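Spelled out, the chains give:
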Amino acid sequence: MPAEEEQPLLLPDSFIMSAKNEADWLHIAEPVASANEGFSSPANAGATENRSSSPFLQRLQSVSIFISLILSPVAIILVSIWASTLGGVSWKEGEAKRVFNWHPVMMVTAYSVMNAGALVFRVSGTSSYQASVGSAPKERGIAKVTHASTWTLSFVFGIVGIIAVFQSHNDKISGYIANLYSLHSWVGITVMTLYSLQFLFGIFAFGGLLSGRRMLTNPLTMEIHKFTGTYIHILVTTTILLGIQEKEGFESCAYEVDSPDLMPVLNYGKIPYACKISHGLGLVILFMGLLTSFGLARFPVL
Ligand code: HEM
């Protein structure tokens, strides 16, 4: 028995829907050299299955994925607290500041849902590799529906979030504000476009809407989809951090000093409460980006 199969699982049993062992669950046994190798037949499955990265990395990835999933609801809670300290939310004309607050709430919620959706195959042990060798075919169907649903939901939240910010800028009673003037907004539009393309690609390629037959069996299509999905996750992370920084600039997080601020930590209490929440939110988002991309990575076979 390979050493890695003897390692205990770090996640609760209930977390693992169908994984047969840790290597299965992470599906990092999937070869990295050639996409075609990942779609081996059941006949050579055993040989491929034994090729996985070190048990230590597998454990680290398990923990990363677990923490990242825990951080998803934490981010939603933090952004809700932040929005309420900034006056709460509204959809009424004349309340542009509160209409704007829907923007971070919706965008962070979209990201958290997307984060869970990105990890669903790993958590359920239903990666494309496992499907190709005949394991967990039924659960994979459920995972696919969950993956598609979470990305759809995330897309809807994102659209509502974008509508909110444009509505708050184009409010006659509150006063008009220019649109698309910041780096954040330009990066945001780019990321939304990439997200939409990824979404359409997923629906057409794997839903079979374009050709009548699914391209999922094409390993190159799958590899591209996985790479761009992980990439977009990181880009969304970056955009949110830029957005938080943009908003903090308006709210002002600085405090006055009359001598060199040599021990900033002693002045921590002078940072406004709303900024402490948004800084915390930013760190949570940053860690979600780091942990998820690490959890989804496939390392060279040892
Ligand atoms: C992936 C997530 C996000 C995307 C795609 C995104 C996209 C955008 C876009 C396209 C605009 C321009 C709207 C306009 O010009 O009327 C905008 C504005 C803005 N966003 Fe975001 N946003 C995201 C997350 C956030 C977050 C989490 C915050 C935190 C508060 C934020 C803060 C702002 C601010 C302050 C503005 C208004 C100033 C400006 O136009 O830059 N954004 N966002």
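Cut-offs applied
Within each chain, residues carry numbers counting from 1 in the order of the written sequence. Local features in this predicted model are restricted to residues of pLDDT 70 or higher, and side-chain atom pairs are both shown and tallied only at a pLDDT of 80 or more, whereas totals for entire chains, interfaces and linings draw on every residue. Working definition: helices are DSSP H or I runs of at least four residues, strands are E runs of at least two. Numbering for both runs from the N terminus. Comment: burial labels come from other C-beta atoms within 10 Å of the residue's own C-beta, placed from the backbone, where a count of 20 or more is buried, 12 or fewer is exposed, and between is partly exposed. The span one expects for a helix is its residue count, reduced by one, times 1.5 Å. Only the C-beta atom matters for this test: placed from the backbone, it must lie within 6 Å of a molecule or strand for the residue to be near it. Residues were grouped as follows: Ala, Val, Leu, Ile, Met, Phe, Trp, Tyr, Cys and Pro as nonpolar; Asp, Glu, Lys and Arg as charged; and all remaining residues, including Gly, as polar. Angles here are taken between N-to-C directions and fall from 0 to 180 degrees, while the axes themselves are lines fitted to C-alpha atoms, restricted in helices to the stretch in contact. Small angles under 35 degrees read as roughly parallel and large ones over 145 as roughly antiparallel, with 65 to 115 read as roughly perpendicular and the rest as oblique. Here is the rule for handedness: rotate from the far helix to the near one, and if that takes an anticlockwise turn smaller than a right angle the crossing is left-handed, while a clockwise turn gives right-handed. By definition, a nonpolar core groups buried Ala, Val, Leu, Ile, Met, Phe, Trp, Tyr and Cys residues that connect through C-beta atoms lying within 7 Å of each other. Once C-beta atoms are placed from the backbone, any two residues with those atoms within 7 Å are in contact. UniProt positions are given in the numbering used here, feature names are shortened, and annotations may be inferred rather than shown by experiment. The bend reported for a residue corresponds to the angle between axes fitted to the seven residues ending at that residue and the seven starting there.

**Q** Summarise the overall build of the protein chain; cite the residues concerned and give the values.
**A** Of regular secondary structure, the protein chain possesses 10 helices and zero strands. When the helices and strands of the protein chain are placed in sequence order, the string is α-α-α-α-α-α-α-α-α-α. Considering the protein chain as a whole, with its 302 residues, one finds that 34% of them fall into the buried category.

**Q** Please give an account of helix H9 (residues 219–251) that cites residues and values.
**A** Counted at 1.5 Å a residue, the expected span for H9 with its 33 residues is 48 Å, and the 48 Å between its end C-alpha atoms agrees. Every buried residue belonging to H9 is among Met-222, His-233, Val-236, Thr-237, Thr-239, Ile-240, Gly-243 and Ile-244, and all of these are buried. Positioned one or two residues after H9, Ser-252 has a phi angle of 65°, which is positive.

**Q** I'd like a rundown of the site of the ligand, residues and numbers included.
**A** Close contacts around the ligand come from 25 residues, with Ser-182, Ser-185, Gly-188, Gly-243 and Lys-247 the closest. For the shell around the ligand, the secondary structure elements donating two or more residues are helix H5 (102–124), helix H7 (137–169), helix H8 (183–207) and H9. For the shell around the ligand, the element with the highest residue contribution is H9, accounting for seven residues. For the shell around the ligand, the per-class residue count stands at 14 nonpolar, nine polar and two charged.

**Q** I'd like to hear about the packing of helix H3 (residues 55–85) against helix H10 (residues 273–296), residue by residue, with values.
**A** Between H3 and H10, the least distance of the axes is 8 Å, while the angle of their chain directions is 155°. In this view, H3 runs roughly antiparallel relative to H10, as classed from their interaxial angle. Of the two possible hands of crossing, H3 and H10 adopt the one that is left-handed.

**Q** Which residues make up the nonpolar core, and what are the values?
**A** Ranked by size, the top nonpolar core spans 40 residues in total, and within it Ala-75, Val-79 and Leu-281 carry the most contacts. Listing elements by their share of this core, those giving two or more residues are H3, helix H4 (96–100), H5, H7, H9 and H10. When residues of this core are assigned to their parent elements, the largest contribution, 14 residues, is made by H5. If near-sequence neighbours (up to four positions away) are discounted, Leu-281 is found in contact with Ala-75, Leu-78, Val-79, Trp-82 and Ile-244.

**Q** Can you explain unusual backbone geometry? Please cite residues and give values.
**A** Of note, Leu-180 is a non-glycine position whose phi angle comes to about 50°, a positive value. Residue placement: Leu-180 occurs in the loop between H7 and H8. By C-beta crowding, Leu-180 is classed as exposed, having 11 other C-beta atoms within 10 Å. The phi dihedral of Ser-252 is positive, around 65°, even though this residue is not glycine. Tracing the chain through its elements places Ser-252 in the loop between H9 and H10. Exposure remark for Ser-252: the 10 C-beta atoms within 10 Å place this residue in the exposed category.

**Q** Describe the environment of Leu-153, naming the residues involved and giving the relevant values.
**A** With respect to the secondary-structure elements, Leu-153 resides in helix H7. Its 16 C-beta neighbours within 10 Å are what place Leu-153 among the partly exposed residues. C-alpha of Leu-153 to C-alpha of Val-113: the two residues are 40 residues apart in sequence and 7.4 Å apart in space.

**Q** Can you lay out the UniProt feature "transmembrane region" (unreviewed entry) in the protein chain for me, pointing to particular residues and giving the numbers?
**A** Following the UniProt record, the feature "transmembrane region" (unreviewed entry) maps to residues 63–82, 102–124, 145–166, 186–210 and 280–299 here. The span residues 63–82 is 100% helix and 0% strand, and its two end C-alpha atoms sit 28 Å from each other. Taken end to end, residues 102–124 is 100% helix and 0% strand, and its first and last C-alpha atoms sit 32 Å apart.

**Q** Tell me about the environment of Gly-280, residues and numbers included.
**A** Mapping Gly-280 onto the fold places it in helix H10. Separated by 201 residues in sequence, Gly-280 and Val-79 place their C-alpha atoms 9.6 Å apart.

**Q** Any chance you could break down H3 for me, citing the residues and the numbers?
**A** In a regular helix each residue adds 1.5 Å, so 31 residues correspond to 45 Å; H3 covers 45 Å between its end C-alpha atoms and thus fits that length. Residue Ser-72 marks the point of greatest curvature in H3, where the axis turns by about 25°; the proline Pro-73 follows within four residues. In the stretch just after H3, Gly-87 is the one whose phi turns positive, near 110°.

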